[in-house]
Every structure is written in C-alpha cells, then in structure tokens.
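Spelled out from the first residue to the last, the chains are:
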Amino acid sequence: MDRIQHLLRTETQKLVLLGTLLMIIVGLSFASSTFLTVTNFTNVFLKVAVIVIIASAANMLMITGHFDMSVGSVLALSGILHAYMCKHGVPIELSILITCVVAMCWGAVNALTVAVLGINPVIATVGVLFIARGFAFLIARWDGGANIMTGLPMEFVDFGRELVFGIFPLAIVLMVLSLLVFIFVEKKTALGRLSYAVGTNIKAAKLSGINTVGIIGFLYMMVALFAGLSGVLQTSRVGLASPSVGNGLEFDVIVAIILGGTSMMGGVGSTVGMLLGALVVGFSSNGLNLLGIPFYYQSIAYGVILIGSLMLNHRFTNMGRG
Amino acid sequence: MKKTLLAMAAAVTLSTAPVSAADGEIVLGKVPFTLEHAYHQSVVRYFEGYAKKEYGAKTIVVDGQSSSESALSAVENLIAQKVDGIALHSPDIAMSETAVTMAKKAGIPIVTTLMFPMSKSTPHVQPREDISSFRMGEVAATQWLKAHPDKKPRVAILNFGGFEQIASLRTDPFFRGVQSVSADAELVTVQNGGGSTITSMDVTLDILQANPDVNIIFGANDDMALGALAATEQLGRGRMDNGVPLTEIIAGVDAGENAMVKIFNPNCSFKLSHGQVRDNGIAEVDTLMGMIKGDIPTDEWFQVDTESPTFDYWNNSIREAQAFLEVNFNFDKDLKAMVAKQR
C-alpha cells in the first residue's frame, strides 16, 4: 500500500498521461472497428517513430535546459544528402555513415554556438534551421529538381522498409532502441545524473566542476545524429527525398517532450514520460483520421487534446504533491 | 576593419540595386506560388526564357513562399522596383484582390494565374485543370470497373487544406468524373495531405485502415499521390498486373518526372496525372506584354484558358510523356529506361 501511495505521489504525471492514453485507446476501440488491430498499432508506432527517436535525445537535452529547433531541417538535409549520394554511386551503407557524420557536424555547430559561445538556444538553433534547410534545397537543385526520386538504386527503399526478424519494422526497432538507450542514460549513468544537475542550476553545476559545455555539446550532437538517422530512415521508407519534409517537426518533438512532463526550464523530465506524450499525440491523430473527421476539426481537436492533457497533468501533479 | 565593412556594404548595395525599367529594357515581375516545388520552378524557368527570347524582357522573380503575406510582400517589392508588369500566382482570392488593387494604383499591369481577384478586374490565365481532373476521374473509374465490375468505386481524396480553387479545379471535378461513369460511386473521405509526401503517406495509412475497400485515391498534387502510393506499398497494395488494377488506382496532378516514372510502370497503381508548364508561362508573358503594349485592357476581366493535358497508362505512350517532360520540365533523360529500372 505504501509503495502504491509512493508511486502515486512521485509518478503522478506519468500515471495521468497513461490514464489519458488508455482513455483514448478505449474510446477509439468503441468508436472505430478498425482501431484495435495490429496493423493500426503498427501504423501509429511508425508514425511516431521519427518523433520518438529524435525526442529521446532532445528530451535529455531539454532536461539540461536547452532545446534544438533545427531537427526538422537537419532531418530534411540528411534525407536529401543520402539520396543524392546514393543516386550518384555512393554505396548505401557508406552514404548512411557519411550522412550521420554530417548531421553530427550540425549538432557540433549548435554545441559551439549555444554551449561555448553562450548564444540563446532558440536563436542559435533557428539559425541552423535556416542554413540546413537552404542546403537541402540547394542539393535538390544541384540534382536538377525540387526533390530526388528517380534514378535512385532499387535497394534504396530496403533500409526504411526493412523488417527485423521478418516481423518488426526497422523504424520501430530503432525507436525502441533509442528509448532503451536514453532510459539507461537517464537512470544509470553519470551523464544522466549530471544532465539533471545542469538543468537544475547550471551555475552551481559549473562551480561544482561539472563539464557543462561537454554535456550540452554531446547532447546537441546526439540530437542531430538521431535527426540525421531519422532523415535517412524516412527518405528510404517513402522512396523519395524532399527538402521540404520535416517542416514543423521541431514542434512535434517539443510537444511530445513537454506533454511528457519535461520542464522547458530544465532539471525535470523523463524518457518514459516523453514516450507517453508522443503516444497521446500519435493515437489522437490516428483516431481523428480513422473517424474521418475533416482536417479543420482535427486541428481544433488536436489543440484541445493537448491543452486538456496538460491541464489534467498539472492538476493531478499538484494534487499528488499536496 | 571599418573600410572593409563599408566596401562590403557598398558591394552588397550595388549587387542588389533595383532593376529599373527606365533604361529601356522591359522588366517583368513574376511571383510564383512557391519555388520549393518542381512544377513552379519549371513555370518560372519557362516564363524567364520565353520573356527574354520573344520580347527581350528581363524577369525579376520573387518567391511567394506558399503564403498570402509573402506573396503580397513580393508584389510590394516588385512595385517598389517599378517593374513594367507583374504576373501573380497567389495562394488566395482575397490576397489577389489586394495585390491587384496595389499594382493598379501604382499604374503597373498585373495578370493573375489560377487564383483570380474577387472583383475579377484584371486579365487572368486559367489552366483548365477542371476539365482534365474530370477526365482523370472518368478514366480511373472506367479502368477500375473494367477490372472489378462488382466493386463500385470508393474514392479517397488528399487535398491541401482550405484552398477553394483546389476544390473547384481538381478534387470536385475528379469525383464528378468518377460519378459520371458510376453514379453510385462513394466519396469515402477527403483529408489534408498538406501537399507533402510524408504527411500523405501517414494520412493514407489511416484512411486505408479505416476504409480498406477504398479503391481510387486522388492526390491534389503528385507529391501527395506518391505519398499515397508509398502507404499502399507498405500495406502490400499499390500493385497492378500489367496495367490491370489489383488493389487501387492512384491519380495526381502536375505530371512531373517522378509521377511519369510510376505512371508508365505497368505494375504500379499510380496511373494518372495532368499538368502544364509551357503554355501557362507563355500565356502569362503574352498577356502581360499585351497589357504593357496597350493591346489588352489592364482593368477588365479577360480570361486566357490553357490546357492541362492528361497522362495515363492506358491512353498515352511513354514517347508522348517523354516529349511532354522535355518541353515542360527541361527533362533530358530517357523515361523508358527509367521506367524499366523500376522494381
């Protein structure tokens, strides 16, 4: 009984999100006969996979009190770069490797501007957002068009459509792996503990001898790496690279993180909470589409669900603390 | 340091100085819907080339960035540069009205494309996409019923959201075309694909989950149709047997290279598209030049229609598609070889 009370007190946020998620799932199970199927759940997980993969790292970054607005552009640039290289004879495996390294370089730029030079994360990463997006369009133009689809090797789509053990889509496997890695980092490593310390009070962390620049810089590079990998995955899954993909992805990532209970001020948050936040968004969107609700109502419903979930979260968390 | 900065500022000022029409050369302003898209890039390329070749006119292009505010700002920019005429493809009718009023106040002829001003008070170039969309609906329904006479057409549509013209020129006529062949055809759903391949793929997965018996999908541009195709392929659908539909028929709009490669692949279910670049570019330039020369009144409604030819697997040849792409999209590859490379 004490354990349950302790759980209710300390994990109120996640329990509220879990409750919201269950309510959505139960409601949709009654509302749509096609909702509760393996195929549909696979679709939902595939839809949130990119958000969750990036948000796993971005969540830890936000715990340090920082965030990255450039993820959508890095994703788009990575997809285009990967397609461009594959189209021009670079072996797919090597192309993936180069793309990931280039993506990490964008993370290094963010690390330099934010962690070393002390520029506001919003301003600095929005700068990278524009530059990376511009390069994405430029590469597409070099290729002679607005996007890259024709001329790609036939094996190009294999990576994105790969089924691990013939059952599990690679995107979902990568999503689970990234979650496990960051849950481990959060709970069991010095990096996790120090990230909370940096987010709680960066000045105190510096005075305590914590390498704040190293931690923030490393996390920026991880976020960019995951965005780059997601770009490769998404491009390969669709079989087409477009420089305009990922517009607004940064907001989807931030919404999942904040809905999951991570504070924008830093010091508070968890990977599991972020996952629940992403699933609430993913299942809500899936349900609205399954019910055939017109997009203008969907937009309203989406906002109401987000605000409602946050209000419930806030109310129950305060009650739990009380 | 100061000297270097001043020199750089001077260089930038000189390189970006407005091109004045005062030096005798005719200067046209072109505001495309967005330069992010291959179709609009090609229209601009054709517009610039034709204006130069036929009239010796220079073109200044300012991107409309798919937004009313940006398009209006682009028109303001061109008015400030005192261009001789403006061709505008704006995102909405109300914005077109404001832009036309502004240009007229400045004494600059303006021609609109696709989105006309509410007052219909200026010449307008209108690609007849409604006719082609209707035709595609007819062909899609005919081919579906030929292969599956016992399964009535069940249609899903992906649009851009709230664009009236997209409904009146593309999605509504397409479904009417389907109905003209099969009166009991059902419009199962209309969802927002956002003009994007990724969004359309995700939305189509949900549509097919809720309505697995959807058998005709229309994307209001090729990117959305390709997204729908990717979704069907993920579900093990998207297939044809040498042009005979097995699972569904997908149609798009723009008729670019990416679409043509799929359309002429006999085993892929993306099978129809329509589009026009050259004639739109020519019509815009000719109309604008007619207005500048005084041959066409600048303040009266005058509609110039252009065709938007339809391409489909059953009624067109690869050679026709190759010729269309070469003329309209600067295509210099071998379409037949590209189709053969498809899985």
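Our subject in this report is the structure included herewith. What you see is a predicted model, and the numbers here were worked out from it, not measured in a lab.

### Here's the deal with the packing of helix α3 (residues 38–63) of chain A against helix α7 (residues 197–210) of chain B
Helix packing for two helices is described by the angle between their axes and how far apart those axes are.
Now for step 1: In the contact formed by α3 of chain A and α7 of chain B, the axes pass within 10 Å of each other and the chain directions differ by 170°. Relative to α7 of chain B, the element α3 of chain A is oriented roughly antiparallel. Here T39, N40, N43 and K47 of chain A of α3 of chain A lie close against α7 of chain B, whose contacting residues are D202, L205, D206 and Q209 of chain B.
Now for step 2: Among the residues making up the contact of α3 of chain A with α7 of chain B, the classes are represented as 1 nonpolar, 4 polar and 3 charged.

### A short note on helix α7 (residues 170–188) of chain A
Note on helix geometry: an α-helix contains 3.6 residues per turn, so any two residues three or four positions apart are oriented the same way.
Residues and elements named next belong to chain A.
Now for step 1: Here α7 is 19 residues long and its end C-alpha atoms lie 26 Å apart, about the 27 Å a rise of 1.5 Å per residue gives.
Now for step 2: Taken together, the buried positions of α7 are occupied by L170, A171, I172, L174, M175, S178, L179, F182, V185 and E186.
Now for step 3: On the buried face of α7, the contacting elements are α3, β1 (163–164), β2 (168–169), α8 (190–200), α10 (212–238) and α12 (271–290).

### Some thoughts on the interface of chain A and chain B
Now for step 1: In this complex, chain A contributes 35 residues to the contact, which on the side of chain B involves 34 residues.
Now for step 2: Contact between chain A and chain B buries roughly 2,800 Å² in total, counting both sides, with carbon and sulfur atoms accounting for 52%.
Now for step 3: For the pair chain A and chain B, the number of links is 2 salt bridges.
Now for step 4: Two residues, R161 of chain A and E233 of chain B, come together in a salt bridge whose shortest N-O distance is 3.2 Å.
Now for step 5: Elements with a minimum of two residues in the side of chain A that touches chain B: α3, α6 (121–142), α10, α12 and α13 (295–321) of chain A.
Now for step 6: The element best represented in the side of chain A that touches chain B is α3 of chain A, accounting for 5 residues.
Now for step 7: Residues belonging to the side of chain A that touches chain B are distributed by class as follows: 13 nonpolar, 15 polar and 7 charged.

### Details of the sheet that holds strand β5 (residues 123–127) of chain B
Strand pairing in a sheet is mediated by backbone hydrogen bonds. Such pairs are either parallel or antiparallel.
Residue and element names in this part refer to chain B.
Now for step 1: An order of β2-β1-β3-β4-β5-β13 is seen for the 6 strands of this open sheet, with the pairing classed as parallel. Because the sheet does not close on itself, it has two edges, and the strands there are β2 (58–61) and β13 (302–306). Here the strands of the sheet are splayed against their neighbours by 20° on average, with no regard to which way each runs.
Now for step 2: Relative to strand β4 (residues 110–113), strand β3 (residues 85–88) runs parallel, the two sharing 3 bridges. Looking at the pairing, I86 lines up with I110 of β4.

### Things to note about the pairing of β3 of chain B
Residues and elements named next belong to chain B.
Now for step 1: Of the two faces of β3, the one carrying G85 and A87 and the one carrying I86 and L88 are both buried.
Now for step 2: Here strand β1 (residues 27–31) pairs with β3 via 4 bridges, running parallel. The partner of L28 across the bridge, within β3, is G85.
Now for step 3: One crossover worth recording links β3 to the parallel β4 by way of helix α4 (residues 93–105), and it is right-handed.

The rules we used
- Residues numbered from 1 in each chain as written.
- Chains lettered and ligands numbered in written order.
- Predicted model: local features only at pLDDT ≥ 70, side-chain atom pairs only at ≥ 80, totals over all residues.
- Heavy atoms only, no water.
- Axes fitted to C-alpha atoms, helices over the stretch in contact; angles between N-to-C directions.
- Helix = DSSP H or I, 4+ residues; strand = E, 2+ residues; numbered from the N terminus.
- Parallel < 35°, antiparallel > 145°, perpendicular 65-115°, else oblique.
- Contact = heavy atoms within 4.5 Å.
- Nonpolar A, V, L, I, M, F, W, Y, C, P; charged D, E, K, R; others polar.
- Expected span 1.5 Å × (residues − 1).
- Buried < 20%, exposed > 50% of the residue type's maximum accessible area, 1.4 Å probe, protein only.
- Buried area = accessible area lost by both parts, 1.4 Å probe.
- Salt bridge = Lys/Arg side-chain N within 4 Å of Asp/Glu carboxyl O.
- Pairing = 2+ DSSP bridges.
- Right-handed = clockwise from strand over helix to strand, strands pointing away.

Worth remembering: the numbers are spatial, not functional.
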